[in-house]
Amino acid sequence: MPQPVDIRLTVNGQAREGRCEPRKLLVDFLREELGLTGTHIGCEHGICGACTIFYNGEAARSCLMFAVQAEGAELITVEGLAKGEELHPMQQAFHEHHALQCGFCTPGMLIAALDYLKINPDPSEDEIREGISAVLCRCTGYVNIVKAVKAGAAAMRREAGQPDP
Amino acid sequence: MSEGRAPHIGRSLLRREDRRLLTGRGQFIADLELPRMLHAAFVRSPVAHARIRAVDLSVAAAVPGVALALGGAHLVQELPPLPDTQLSLPSKWTSHVEHEFHNPQQPGLAHDKVRHVGEAIAVIVAESRYAAEDAAALVSLDLDALPAVVSAEAALAPNAPLIHDHLRTNMFGAFSITKGNVNSAMAGAPHRLQRRFYHHRYAAMPIECRGVAALYEPRTDAITIWSATQVVHWVRREVAAILGMPEARVRCVALDVGGGFGVKGHVYPEDLVIPFLARRLGRPVRWIEDRHEHLLSAAHSRDQLHEVEAGFDDDGRILALRDKFILDCGAWNPIGGGVPYNTAAHLAGPYKIENLAVSARTAATNKVPNTAYRGAGRPEAVFAMERIIDLVAGELGLEPAEVRRRNMIRPDAMPYRAGILYRDGEPIVYDSGNYPAGLQQALDAIGGVEAFRRRQREMRREGRYLGLGIGCYVEGTGVGPFEGATVRIDPSGRVYVSSGASSQGQGMETIFAQIVADAWRVAPDDVVITLADTAAIPAGSGTFASRSTVTLSAAIHHASERVREKAFAIAGNLLECAPDDLELRDGGVGVVGVPGATVSLAKVAQAARPGWDHGRPPGIDAGLEETRYWEPQTVTWSYAAHAAIVDVDPETGRVAIDKYVIAHDCGVVVNPLLVEGQIAGGTAQGIGGVLLEELPYDSEGQLLAGSLADYLVPTAGDVPDMTMVHQHTPSPLTRLGFPGGGAGGGVARPAALANAICDALSPFGVEFNQTPIKPEQIVKAVRPARPSPRPSPRARGEGGTRAAGG
Amino acid sequence: MKPAKFDYYRPGTIDEAVVILERYEGDARVLAGGQSLVPMMNFRLATPAAIVDLNHIPRLSDIAAADGVVRIGAMARQRQIEFAPLVAERLPLLHEALRWVGHLPTRTRGTIGGSIANADPAAEIPMVLQVLGGEVVVRDLQGGRRIGAPDLFLGPLTTSLEPSEIITEVRFPVMPPGTAFAIEEFARRKGDFAIAAIAAVLVPEGERCRVARLATAGVGPVPVRLREAEAILEERGLGEAAVGAAAEKAAELVEPMSDHNASADYRRHLTGVLTRRAVLKAIKDHQHAATG
């Protein structure tokens, strides 16, 4: 019968370890064994996107992975976006544009948006809509999230030294 | 962000809630860790209707890690259900409105029968949720299946199988209201039309499901409950009653809540079972609902079937309106008649209808119970009324906007007595608003009707079908019975406010900080808000029905007045002047016209303390705190007009929303940014309700939407950009002029979209009088008919195909 | 819900993986991307006694082309394939199809082999395999075999793979330069499984059509080629009448299922509409590309 497995991985730049059954979902492992409750569970069937994290640099749904699969991986969760008290430009943009209400989808939304910007750093509003359709929000109607992602993307490009078009 | 002296009401302050939520430091119920906490999982009925013969928990109980396996038969002995208590209607209403209601109390776990798929039959408590589910899978149920009742009409037919045998009926409730004389007005009307409208079953579907945790403290014989709820005081009251504990020993707190929209607005069996288990086991117990459970056991909504008859004249003026409707309530009726009565009260909307008769029946069926969701009965009313207006326009060959204008209550008729009662028992009086102007604003914002009609004709020549739809509504907001606020000046000088209101994303911490900052002339950062905690205030109603801003601001003001009087008396004592010479300024109290003569609120609070060497003048008691309960006389009325332009692809049936405009009047707005956010969210929910979301049941009572793969919540790709225009007619009824604003978009969206789709497809002569309106239905409706070369002449009810629900 | 217990294996080679599968006699499942398997396990609809994790087996996600064949390792992520220049160049239809597959975060993990083995009737990748005439390379204890698309998909969620066979590679013939192609899909929301989808691949020659390939998703138990509709285009060319006739024939050819998402009738209707649209789009895009 399944024995607990040791897992060593990097989360938000820090070496972490934990121990759990093979069936333990990665999202539960993050929340319970590692105490990182910022990543939320909305459905457990990979549809709502609230559980989205960065797995080796790409967004993935942590409710559809087992913790054991993250052995040796580098993860970034919402807790790893800010630098101390300084918000990530995308978090700041969400704040300024009122892109969150209850905040439950927000961690997943931030990660999914940032992931989308990796493949399309200067998206149009329609492209943003398509990009963030990976995560469900029930409160905002997405209008302000689209504005925030546009502004956040611009802020990130400025930080990276790219001129605005 | 502290903003100095400027008034804060009316400004789009950024939210103080954001930082923790953005950085993953919010605390939702699933984030709550308690030492030695156990985890619960419920065993839920796989069938819709059955007698429970036996529940065998023996194998489950023996699973390692299981602390307890409990079935309904045992629970009902230890925790007998309360008598019918959930329903509360004021006597002003019950003595005037013809009605009948039954409200059987749902036990914590089903013990005699199961009445819907998903109803809880047993609970397992174990060291982890994983282990609890392992054990739950080993529970064996011996159920005698009974025929399932899956339609409200079938439920009310003679000899229908009874859901609640002791009631001898499946009719949970009925009421009727009348105004004027419908029979004679209808008989005398030059034109009449009749239609059936069906507004289907869908639900709030917040991204956070439900959750309850409880901790029993033997030292004090007290219990704390954390619940993702909108109604902490209600939960506290019922837990205290059912556990036989004084309310003072029961505390209920809502932490961060991930969306409510009504579905978290009443007391569920789990809210009672989990605290019971915590006390029984002597260890904290937590239950987190998963999405599948949520679909099967958290309340559904809408699901109303209306038979409407309208009598009207040649000008399209509605002379008489009769509506008989049935609400499919599911297996239990936890919030009684509130929702259907809202439907009746809002049916006439912004229109002058002198003769009105509405009768409603609420039917029990073998489905998940039906309660309030964003709008709570209003969208159903608006759908029926707004479709009727368009149908009247169609019969007469008039523009729907024009028929609305002809029927609307004019601004000079305000305040307008509608002639029926609200559910608080008070006569409905629309206090303020300019409905025609709001409609015009919406139409202007989409570019005007004439310009649209030109574009529509051009597009039709190219084989493209654009449509314009309008939805107008009024909303009674800020309903009682009451809301409370405690205002206290903290010795640090901050203003502390607590209330039973709770936030599920509406930004109340920010809104109330703005209100209090203005009331006390302090910076918003110097306001401390505690919400959703029964320990912070003895009584509260909770957040639902767009009520919190209105009612709580009034309560804050009344409490503040009393505290201010005291503060001035004490400050006067400290400054050696008359209280009348004082004013609030800059976080303190100062002498009018003498800039230097101030004393800080901190000093005043310290001086207010009991004990030796206090700073109070004689006759002034210690303490600088007041709790006041505001019992609103009645509701205030906000108003909105929605206009939508859709592009319908008749080959696939896809509906694209080309433009969407909301003209909204909710009076004085505390924080425009937050109000717009509410409108946008409500609008997205309305789109989902019309085009995407459904909770269909098969003939055996199985719910066919078991996951979010089936229940289609709109994504960003499904919700267009929106244009919002605002009117700000202050309500004369509320202290600060705030009507309530929350339900916003959700109420009118289904109607506006349905009207737009019908308008787009008018060459095909189709009508859509039920929701959802799905692509397949559109294709079916247009396929047999070929579009006529000219737009159909809007024949008088004859000819054309009536597609669905007609 | 939480998944039931299972034994977990992380083999370092395909051979090891196959041995484990054999040992469990059908009660073990391979874990590739997990985007289809894990939701089923979370619902406890799938409760395998063992999971064989393929994610640590090296060299299973290479993408290469030689001798007119593009070879993609079965564990290549959909996202990886989406952004592979070789695929954009040699298999532009596959590149296009991936835009419709779920969402970017699901494509991060989802694999091409996993999608094909899952054989969801409404999935886009199996449709592409059919229309391009691809095949899979499969390994088992005895060695291996190759299975072409027509012999692979047997029914909804059912392939001709044995329980202890593992797909190691997916192969497609390179699409010749100048091939016209398009996908038209109808889903309730972007990213959802197709209610109906058509993939069209054409080799136009002036007004004529030298080669026409049409395949479906969502309108039958398996993705199928619409050979009689293809024949109409190959015989009659790409004019309006021929395209219309091919679309009508396509609608006749399919055997859709009715479910609570859509009726058979509606799926059949969409087949005709989407066939016409796909062919017209393929022609139009091709003309644009040609004129630069």
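How each quantity is defined
- Residues numbered from 1 in each chain as written.
- Chains lettered and ligands numbered in written order.
- Predicted model: local features only at pLDDT ≥ 70, side-chain atom pairs only at ≥ 80, totals over all residues.
- Helix = DSSP H or I, 4+ residues; strand = E, 2+ residues; numbered from the N terminus.
- Rg over C-alpha atoms; globule rule 2.2 N^0.38 Å.
- Buried ≥ 20, exposed ≤ 12 C-beta atoms within 10 Å, placed from the backbone.
- Contact = placed C-beta atoms within 7 Å.
- Pairing = 2+ DSSP bridges.
- Axes fitted to C-alpha atoms, helices over the stretch in contact; angles between N-to-C directions.
- Nonpolar A, V, L, I, M, F, W, Y, C, P; charged D, E, K, R; others polar.
- Core = buried A, V, L, I, M, F, W, Y, C linked by C-beta atoms within 7 Å.
- pLDDT = per-residue confidence, 0-100.
- Domains from an automatic or database assignment.
- Expected span 1.5 Å × (residues − 1).
- Parallel < 35°, antiparallel > 145°, perpendicular 65-115°, else oblique.
- Left-handed = near helix turned anticlockwise from the far one by under 90°.

Trainee: What is the right way to look at the overall build of chain C in this model?
Mentor: Counting secondary structure elements, chain C contains twelve helices and 13 strands. In terms of overall size, chain C behaves like a compact globule, its C-alpha atoms giving a radius of gyration of 19 Å where 292 residues would be expected to give roughly 19 Å. Its C-alpha atoms put chain C at 60 × 45 × 35 Å along the principal axes. When burial is assessed residue by residue, chain C has 55% of its 292 residues classed as buried. In chain C, once contacts between residues fewer than 6 apart in sequence are set aside, the share between residues at least 24 apart is 64%.

Trainee: What's the story with the overall build of chain A in this structure? I'm lost.
Mentor: Along chain A, the regular secondary structure elements total five helices and five strands. From first element to last, N terminus to C terminus, chain A shows the α and β order β-β-α-β-β-β-α-α-α-α. Here the C-alpha atoms of chain A give a radius of gyration of 16 Å, agreeing with the 15 Å that 2.2 N^0.38 yields for 165 residues. Counting only C-alpha atoms and orienting by the principal axes, one finds that chain A spans roughly 55 × 35 × 25 Å. Across the 165 residues in chain A, those meeting the buried criterion constitute 62%. Taking contacts inside chain A between residues at least 6 apart in sequence as the whole, the part at least 24 apart equals 57%.

Trainee: What am I meant to see in the sheet that holds strand S20 (residues 483-489) of chain B here?
Mentor: Sheets are built from strands that pair by backbone hydrogen bonding, the pairs being arranged parallel or antiparallel. Residue and element names in this part refer to chain B. Strand order in the open sheet formed by four strands is S22-S21-S20-S26, and the pairing between neighbours is mixed. The open sheet has two edge strands with one neighbour each: strand S22 (527-531) and strand S26 (625-630). The mean inter-strand angle of the sheet, taken between neighbouring strand axes irrespective of direction, is 15°. Its contacts with the sheet put helix H16 (residues 508-520) on strand S21 (495-499) and S22, and the angle it makes with S22 is roughly 135°.

Trainee: It is not clear to me how the interface of chain B and chain A should be interpreted in this structure. Could you clarify?
Mentor: Size of an interface, as often reported, equals the accessible area lost when the parts are brought together. Tallying the contact residues gives 44 residues for chain B and 45 residues for chain A. Among the elements of the structure, helix H1 (18-22) and helix H19 (672-692) of chain B are those that each provide at least two residues to the side of chain B that touches chain A. Here the element with the most residues in the side of chain B that touches chain A is H19(B); it accounts for seven residues. Its residues assigned to classes, the side of chain B that touches chain A comprises 20 nonpolar, 15 polar and nine charged.

Trainee: Explain the nonpolar core here, please?
Mentor: Looking at soluble globular proteins, one finds that nonpolar side chains tend to be buried together. Ile132(A), Ile124(B), Val604(B), Ile757(B) and Ala199(C) are the most contacted members of the largest nonpolar core, which totals 423 residues. When residues of this core are assigned to their parent elements, the largest contribution, twelve residues, is made by helix H17 (residues 548-575) of chain B. Among residues more than four places away in sequence, those in contact with Val604(B) are Ile489(B), Ala567(B), Ile570(B), Ala571(B), Val589(B), Val599(B) and Leu624(B).

Trainee: What am I meant to see in the confidence of the model for chain C here?
Mentor: Should pLDDT be low for a region, the predicted coordinates there are not to be read in detail. When pLDDT is averaged along chain C, the result is 96, and 100% of the positions lie at 70 or above. We note a pTM of 0.96 for the whole complex and an ipTM of 0.98 for its interfaces.

Trainee: Quick question: what am I supposed to make of unusual backbone geometry here?
Mentor: Residues and elements named next belong to chain B. Each neighbour pair has its own omega, and for Met-414 with Pro-415 the value is -5°, a cis peptide bond. The omega torsion across Thr-771 and Pro-772 is -5°, close enough to zero to call that bond cis. Note on placement: Pro-772 falls in the loop between helix H20 (744-760) and helix H21 (775-782). The residue Arg-521 is not glycine, and still its phi comes out positive at about 55°. As for its position among the elements, Arg-521 is in the loop between H16 and S22. Given 18 C-beta atoms within a 10 Å radius, Arg-521 is considered partly exposed.

Trainee: Even after reading the chapter, I still don't get the domain arrangement of chain A, so can you show me in this structure?
Mentor: Residue and element names in this part refer to chain A. Splitting chain A by domain gives domain 1 (5-80) and domain 2 (89-159). The centre of domain 1, based on its C-alpha atoms, is set 21 Å off from the matching centre of domain 2. Each partner contributes residues to the interface: domain 1 has 14 residues there, and domain 2 has eleven residues.

Trainee: Just checking my understanding: could you explain the domain arrangement of chain C for this structure?
Mentor: Residues and elements named next belong to chain C. Taken as a whole, chain C is organised into domain 1 (7-53), domain 2 (63-173) and domain 3 (180-291). Its C-alpha centre places domain 2 at a distance of 21 Å from the equivalent point of domain 3. Listing elements by their share of the side of domain 2 that touches domain 3, those giving two or more residues are helix H5 (92-98), helix H8 (124-132) and strand S8 (153-155). Considered class by class, the residues forming the side of domain 2 that touches domain 3 number 15 nonpolar, four polar and three charged.

Trainee: Can you walk me through helix H15 (residues 449-461) of chain B in this structure?
Mentor: Compared with an ideal rise of 1.5 Å per residue, which puts 13 residues at 18 Å, H15(B) spans 19 Å between its outermost C-alpha atoms and is within 8% of the ideal. Of the residues trailing H15(B), Gly463(B) is marked for its positive phi of about 80°.

Trainee: When you look at the pairing of strand S6 (residues 135-140) of chain C in this model, what are you seeing that I'm missing?
Mentor: The side chains of a regular strand alternate, residue by residue, between the two faces of the sheet. All names here are of chain C. Sheet analysis places S6 next to strand S7 (residues 143-148), joined by six bridges and oriented antiparallel. From the neighbouring strand, Val-136 faces S7, where its bridge partner is Ile-147. Taking the residues that link successive antiparallel strands as the turn, the S6-S7 hairpin has two residues. The pairing of S6 with strand S10 (residues 166-173) spans five bridges and is antiparallel. Its bridge partner being in S10, Val-137 is matched across the sheet by Glu-169.

Trainee: Where do I start with the interface of chain A and chain C in this structure?
Mentor: Counting residues at the interface gives 27 residues for chain A and 23 residues for chain C. Breaking the side of chain A that touches chain C down by element, the ones donating at least two residues are strand S3 (52-55), strand S4 (58-61), helix H3 (106-119) and helix H4 (125-132) of chain A. With four residues, S4(A) is the single largest residue contributor to the side of chain A that touches chain C. Classifying every residue of the side of chain A that touches chain C gives 13 nonpolar, seven polar and seven charged.

Trainee: Explanation requested: the sheet that holds S7(C) in the structure shown.
Mentor: Residues and elements named next belong to chain C. The five strands lie next to each other as S4-S5-S10-S6-S7, forming an open sheet whose pairing is antiparallel. Strands at the two margins of the open sheet, each flanked by one partner only, are strand S4 (63-66) and S7. Ignoring strand direction, the axes of neighbouring strands in this sheet form an average angle of 25°. Those strands touched by helix H1 (residues 14-24) are S6 and S10, and its axis lies near 125° from that of S10.

Trainee: Would you mind showing me how to read the packing of helix H8 (residues 232-243) of chain B against helix H9 (residues 269-281) of chain B here?
Mentor: Residue and element names in this part refer to chain B. The interhelical angle for the contact between H8 and H9, taken along N-to-C directions, is 50°, at an axis separation of 10 Å. Judged on the interaxial angle alone, H9 and H8 are oblique. Every pair of crossing elements has a handedness; the one defined by H8 and H9 is right-handed. Residues Val-235, Glu-238, Val-239, Ile-242 and Leu-243 of H8 form the contact with H9, whose participating residues are Asp-271, Leu-272, Pro-275, Phe-276 and Arg-279. Of the residues contributing to the contact of H8 with H9, the split by class is seven nonpolar, no polar and three charged.

Trainee: How do you make sense of the pairing of S3(A) when you look at a structure like this?
Mentor: Residues and elements named next belong to chain A. Going residue by residue along S3, you find Thr-52 and Phe-54 tucked away on one face and Ile-53 and Tyr-55 tucked away on the opposite face as well. The pairing of S3 with S4 spans four bridges and is antiparallel. Each bridged residue has a counterpart across the sheet, and for Ile-53 the counterpart in S4 is Ala-60. Across two bridges, the pairing between S3 and strand S5 (residues 74-76) is antiparallel. Residue pairing across strands places Phe-54 opposite Ile-76, the latter belonging to S5.

Trainee: What is the right way to look at the environment of Phe28(B) in this model?
Mentor: The topology assignment puts Phe28(B) in the loop between H1 and strand S1 (38-44). Residue Phe28(B) is classed as buried on the basis of its 23 C-beta neighbours within 10 Å. Once the C-alpha coordinates of Phe28(B) and Thr636(B) are considered, the two residues, 608 residues apart in sequence, prove to be 33 Å apart. If sequence neighbours within four positions are ignored, Phe28(B) has contacts with His40(A), Phe104(A), Glu208(B), Leu255(B), Asp256(B) and Gly258(B).

Trainee: Is there a simple way to explain helix H11 (residues 240-253) of chain C in this structure?
Mentor: Residue and element names in this part refer to chain C. Here H11 contains 14 residues, and its C-alpha end-to-end distance of 20 Å stays within 8% of the 20 Å for a straight helix at 1.5 Å per residue. Three or more residues of H11 are buried, namely Ala-242, Val-243, Ala-246, Ala-247, Lys-249, Ala-250, Ala-251 and Leu-253. Residues of H11 that are buried make contact with strand S13 (208-217), helix H10 (227-236) and helix H12 (264-291).

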